[in-house]
Amino acid sequence: MIDQKHYNFAFLDENSKREIRRSLLKAVAIPGYQVPFGSRELPIGRGWGTGGIQITLSIIGKEDVLKVIDQGSDDSVNAVNIKKFVSACTGVKITTDSEAASIIQTRHRIPEIPLKKEQILVLQVPTPEPLRIVEPREAVTKKMHAEGEYSPMWLTLYEDLLRCGKIGISSEYPVLVEDRYIMNPSPIPRYDTPKLNDSDCLYLFGAGREKKIYAIPPHTKVMPLEFDDIPFETENFTGKHCHLCGAEGVYLDELTDEKTGEKYYECSDTGYCAKRREQGCRP
């Protein structure tokens, strides 16, 4: 139960929540643009999702239902502790069902079941600046975004093709939002990147340590960077299925049996996997 004697609802004071919501409104109005905000102190070390948590605490209401996942799992240390913290200072209902949640906070994955227009997905972001791999100076990257000068990023992708025969970026694959801003979609796998395009739900991105917020409103054009003759490719799980629920065509984690050394696969989205098993799905 929430203890209102010691904490304000959702921990943050009301002025802090209003300031963060104003930043969110600007981020929604300018898709893909990084909006600076005054990142607050939380009882969690920066680098452990404080940006996403501050967004969640600023938008959550008493009637909301919250789901928290970490790399697809509802039961990881990060996910469990964030759920305990938010539940302790809000008293909201917690769920593992992505279809029942009104707010989903996530690290490194987007749920398998497509989200609906009344849902909000909050992503924890460690490094919001996509140009950091080509330019370390913040003042210069700001100027590059303002001028739309993204040739160094394209050159980096081209050099990757020459060296490796393919673009080797496995997560945080840069995307172009509304043909204007290059954006870091957070460390989601390439498999999840197409889900950002023309989605029904609202995506909110928070980087507490870097003090940046950005957003992708519903039905926004979001395209991964690709060359005309070399299309973007995602991870390929053809011929593989989850050994628990038999799911195919989803993002799978590769595991190894400690006794036999044999490899097997399991749904990364544990809530999706559990729901299929409840419905009687088996390999």
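Structure: see above.
Residues numbered from 1 in each chain as written. Predicted model: local features only at pLDDT ≥ 70, side-chain atom pairs only at ≥ 80, totals over all residues. Heavy atoms only, no water.

A.B. asks: Could you give an account of the environment of Ser 16, naming the residues involved and the relevant values?
C.D. replies: By secondary structure assignment, the location of Ser 16 is in helix α1 (residues 14-29). A relative accessible area of 4% places Ser 16 in the buried class. Residues Ser 16 and Gln 54, spaced 38 residues apart in sequence, show a C-alpha to C-alpha distance of 9.3 Å. (Helix = DSSP H or I, 4+ residues; strand = E, 2+ residues; numbered from the N terminus. Buried < 20%, exposed > 50% of the residue type's maximum accessible area, 1.4 Å probe, protein only.)

A.B. asks: Describe a nonpolar patch on the surface, naming the residues involved and giving the relevant values.
C.D. replies: Together, Leu 155, Tyr 158 and Leu 162 give the surface a local cluster of nonpolar side chains, amounting to about 330 Å² of exposed area. Mapped onto the fold, Leu 155 is located in helix α5 (residues 151-164). Residue classification places Leu 155 among the partly exposed residues on the basis of a relative accessible area of 47%. (Patch = residues over 30% accessible without salt bridge, like charges linked within 9 Å, V, L, I, M, F, W, Y side chains within 5 Å. Areas by Shrake-Rupley, 256 points an atom, 1.4 Å probe, with all protein chains shown as cover. Salt bridge = Lys/Arg side-chain N within 4 Å of Asp/Glu carboxyl O.)

A.B. asks: Give me helix α6 (residues 270-278): which residues, what numbers.
C.D. replies: Those residues of α6 lying buried are Gly 271, Tyr 272, Cys 273, Lys 275 and Arg 276. Contacts made by the buried residues of α6 are with β2 (65-70) and β12 (263-267). One side-chain oxygen at the N-terminal end of α6 lies 3.2 Å from the backbone nitrogen of Gly 271; it belongs to Asp 269. (Contact = heavy atoms within 4.5 Å. Polar contact = N/O pair within 3.5 Å; in protein donor to acceptor, adjacent residues only side chain to side chain.)

A.B. asks: Residues and numbers for the packing of aromatic side chains, please.
C.D. replies: The final tally for this structure, using the stated rule, is nine aromatic pairs. Ring geometry for Phe 237 and Tyr 251: centres 5.2 Å apart, planes at 80°, overall edge-to-face. Here Phe 237, found in the loop between β10 (222-224) and β11 (252-256), pairs with Tyr 251, found in the loop between β10 and β11; they are 14 residues apart in sequence, far enough to count as distant. Relative accessible area serves as the criterion here: at 16%, Phe 237 is assigned to the buried category. For Tyr 251, a relative accessible area of 17% translates into the label buried. (Phe/Tyr/Trp six-rings, centres within 6.5 Å; stacked < 30°, edge-to-face > 60°.)

A.B. asks: Any details on the pattern of salt bridges? Residues and values, ideally.
C.D. replies: All chains considered together, the criterion is met by 16 salt bridges. Lys 212 is the partner of Glu 138 in a salt bridge, and the nearest nitrogen-oxygen pair spans 2.8 Å. One end of the pair, Glu 138, is in helix α4 (residues 138-147); the other, Lys 212, is in strand β9 (residues 212-216), and 74 residues separate them in sequence. The class of Glu 138 is partly exposed, set by a relative accessible area of 27%. Exposure remark for Lys 212: the relative accessible area of 10% places this residue in the buried category.

A.B. asks: Mind laying out the pairing of strand β5 (residues 120-124), listing which residues take part and the relevant values?
C.D. replies: Within β5, four of the five residues are buried, leaving the element largely enclosed by the surrounding structure. Summarising the sheet, strand β4 (residues 103-107) and β5 pair through four bridges and their orientation is parallel. Residue pairing across strands places Ile 104 opposite Leu 121, the latter belonging to β5. (Pairing = 2+ DSSP bridges.)

A.B. asks: So what's going on with the sheet that holds β4? Which residues, and what values?
C.D. replies: Strands in a sheet are paired, the pairing made by backbone hydrogen bonds, and the direction either parallel or antiparallel. Strands sit in the order β1-β9-β8-β5-β4-β2-β3 across an open sheet of seven strands; the sheet is mixed. Two strands bound the open sheet, and with one partner strand each, they are β1 (35-36) and β3 (93-94). In this structure, strand β8 (residues 202-207) lies alongside β9, joined through five bridges in antiparallel fashion. Bridge assignment links Tyr 203 to a residue of β9, and that residue is Ile 216. Packing against the sheet, α1 makes contact with β1, β8 and β9, and its axis sits at approximately 45° to β9. Contacts from helix α3 (residues 77-90) reach β2, β3, β4 and β5 within the one sheet, and its direction differs from that of β2 by about 155°. (Axes fitted to C-alpha atoms, helices over the stretch in contact; angles between N-to-C directions.)

So far we have only geometry, and geometry alone does not tell us how the molecule works.
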